[in-house]
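Observations on the three-dimensional arrangement
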Amino acid sequence: MPDTWPAVTAFLACTTCWRWLGTPAGPIRLGLDYPAVDIVLRRRRLSDPDGVFGDIQIMEQAALQIFRETR
């Protein structure tokens, strides 16, 4: 899917951009740190950074759901 490749590679480049919360039950991911994601997108010089950001948010929500289910 060539149309989604920029969003997929940008999302993968954001693997160190997660915000975490320490809890008595252990750390949990809250979501991506959007200022850090913005830096990733600007550095990649994407032709449609707003569209890619929207796609990243969709992947973020899917990933958070999976993280919650696998705790």
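Above this text you will find the structure in question.
Predicted model, so just to flag it, every value in this text is computed and none were measured.

A count of helices and strands for the protein gives three helices and two strands. Tracing the protein from N to C terminus, the helices and strands come up as α-β-β-α-α. Among the 71 residues that make up the protein, the fraction classed as buried is 28%. Restricting the contact set of the protein to residue pairs at least 6 apart, pairs at least 24 apart contribute 50%. Accessible area for the protein stands at about 5,100 Å²; split by element, carbon and sulfur atoms hold 59% of it. Side chains of the protein give 8 positive and 8 negative charges; the mean places of these two sets differ by 10 Å.

All right, on to the packing of helix α2 (residues 34-44) against helix α3 (residues 49-69) then. The interhelical angle for the contact between α2 and α3, taken along N-to-C directions, is 135 degrees, at an axis separation of 11 Å. Taken as axis vectors, α2 and α3 run oblique relative to one another. Crossing handedness for the pair α2 and α3: right-handed. Residues Y34, V37 and L41 of α2 lie in contact with α3, whose contacting residues are P49, V52, F53, I56, Q57 and E60. Along the lines of polarity and charge, the residues of the contact of α2 with α3 split into seven nonpolar, one polar and one charged.

Procedures and definitions
Residues numbered from 1 in each chain as written. Predicted model: local features only at pLDDT ≥ 70, side-chain atom pairs only at ≥ 80, totals over all residues. Heavy atoms only, no water. Helix = DSSP H or I, 4+ residues; strand = E, 2+ residues; numbered from the N terminus. Buried < 20%, exposed > 50% of the residue type's maximum accessible area, 1.4 Å probe, protein only. Contact = heavy atoms within 4.5 Å. Areas by Shrake-Rupley, 256 points an atom, 1.4 Å probe, with all protein chains shown as cover. Lys, Arg positive; Asp, Glu negative; His and termini not counted. Charge placed at Lys NZ, Arg CZ, Asp CG, Glu CD. Axes fitted to C-alpha atoms, helices over the stretch in contact; angles between N-to-C directions. Parallel < 35°, antiparallel > 145°, perpendicular 65-115°, else oblique. Left-handed = near helix turned anticlockwise from the far one by under 90°. Nonpolar A, V, L, I, M, F, W, Y, C, P; charged D, E, K, R; others polar.

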